[in-house]
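Structural overview for review
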Amino acid sequence: MLKPNKLAKNNFLSSLDLSTDEVFHILELASNFKNKKINIDLNNKVLGLIFDKSSTRTRVSFQVAMSRLGGTTIDLNPTTSQIGRGEPIKDTARVLSRYCDVIAIRTFEHSDLEEYSKWSTKPVINALTDLEHPCQALADFLTIHEEFLDFKDVVLTFIGDGNNVAHSLILCGALLGVEVRIACPNSYRPNPLVIKKAREIYKNDNLLKITNDPYNAVKGANVLYTDVWSSMGEENQKKEKDRDFNGFTIDSDLVEKAEKDAIILHCLPAYRNKEITNAVMESEKSRIFQQAENRMHAQQALLSCLLC
Ligand code: CP
Ligand code: NVA
């Protein structure tokens, strides 16, 4: 029976906190959990969840993953705990890490997540920040692996905002050697530091492409991926972003330009007929709900490695 290996780093704040081998190990473990080939009991370990932003998939998949590992979860609601009253992160982190064995945090500033990890004596997991969504990327590459059985020759085209989800796809894609193309309006290009880090990992510079032409970007692509145009916290920019992203919708026309075997991914929640049409979401090429399910298997694997 495959066993979880301890990870070199204590925290999972960024896709780059894992090595290539560790990503492959987590994906293999996740697949084993999914196919019920392994069963791990963590003996009542406790996961604390802090969500400063809304969540359906991340929250529930962490809760179910933890319960499948024989552990429990405490969902801290920032508005009813002292977090919402402004208790300093360094105090909250030191207290919670005396109660919990691991803490998953969804917040705005990535630096706040880093502050939690600095003061916590227990592993901290990034459940999404404005900069990265690394747990999402693990589930995404698990879904891609299930489809193509290998990452060799896979071309992943992300069409949308070059922010958190795109950043984690770029970084995890670099670790796995997957060709990643980002198609976005010029003013929504990914963070240059993320691009720089990815280019340092890629052995071949051509494997990461940023363009403002979605039609060009999908030629030869096996995976078309999108995310909301206005992320959480950007609600007041909705009008402007809807205008700026005009022409970046994944519709049947765009899907036709990709490879015949292309699949469609979306991290969800989706705004139909904005970033993706209803027809594409509901098409037989969509693996969107398999991808959502895989959040749970990937996080079960991640938790078992962080807590073993
Ligand atoms: N994809 C994702 O993180 O979904 P939630 O916002 O529902 O957690
Ligand atoms: N980019 C989106 C992802 C949601 C899972 C957001 O940050 O709201």
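None of the values given here were measured: they were computed from a predicted structure.

**A short note on the UniProt feature "binding site: L-ornithine" (unreviewed entry) in the protein**
UniProt tags N164, D227, S231 and M232 as "binding site: L-ornithine" (unreviewed entry). Considering the C-alpha atoms alone, the annotated residues occupy 69 residues of sequence yet fold into one spot, their largest mutual distance being 11.5 Å. If you trace the backbone, N164 turns up in helix α6 (residues 164-176). Non-local contacts of N164, meaning those with residues more than four positions away in its chain, are made with L128, T129, D130, L131, E132, H133, D227 and S231. From its side chain, N164 meets the backbone oxygen of T129 in a polar contact 3.1 Å long. Within the secondary structure, D227 sits in the loop between β8 (223-226) and α9 (238-244).

**A short note on the pairing of strand β3 (residues 102-106)**
Of all 5 residues that make up β3, 5 are buried, and the element is covered over most of its length. As judged from the 5 bridges shared by strand β1 (residues 46-51) and β3, these two strands associate in the parallel manner. Paired with I50 across the bridge in β3 is I105. With 3 bridges connecting them, β3 and strand β4 (residues 124-126) associate as parallel partners. From the neighbouring strand, I105 faces β4, where its bridge partner is N126. Taken together, β3, helix α4 (residues 110-119) and β4 constitute a β-α-β crossover, and its handedness is right-handed.

**Brief notes about the site of ligand 2**
Surveying the vicinity of ligand 2 reveals the residues L128, N163, N164, V165, D227, V228, S231, M232 and L268. Take S231: an N or O atom from its side chain is 2.7 Å from a nitrogen atom of ligand 2. Separating an oxygen atom of ligand 2 from a backbone N or O atom of M232 is a distance of 2.8 Å. Isolated, ligand 2 exposes 270 Å² of accessible area, and the fraction of that covered by the protein chains is 96%. A breakdown of the residues in the shell around ligand 2 according to their chemical character gives 5 nonpolar, 3 polar and 1 charged.

About the cut-offs
- Residues numbered from 1 in each chain as written.
- Chains lettered and ligands numbered in written order.
- Predicted model: local features only at pLDDT ≥ 70, side-chain atom pairs only at ≥ 80, totals over all residues.
- Heavy atoms only, no water.
- UniProt positions renumbered as here; feature names shortened; annotations may be inferred.
- Helix = DSSP H or I, 4+ residues; strand = E, 2+ residues; numbered from the N terminus.
- Contact = heavy atoms within 4.5 Å.
- Polar contact = N/O pair within 3.5 Å; in protein donor to acceptor, adjacent residues only side chain to side chain.
- Buried < 20%, exposed > 50% of the residue type's maximum accessible area, 1.4 Å probe, protein only.
- Pairing = 2+ DSSP bridges.
- Right-handed = clockwise from strand over helix to strand, strands pointing away.
- Near = heavy atom within 4 Å.
- Areas by Shrake-Rupley, 256 points an atom, 1.4 Å probe, with all protein chains shown as cover.
- Nonpolar A, V, L, I, M, F, W, Y, C, P; charged D, E, K, R; others polar.

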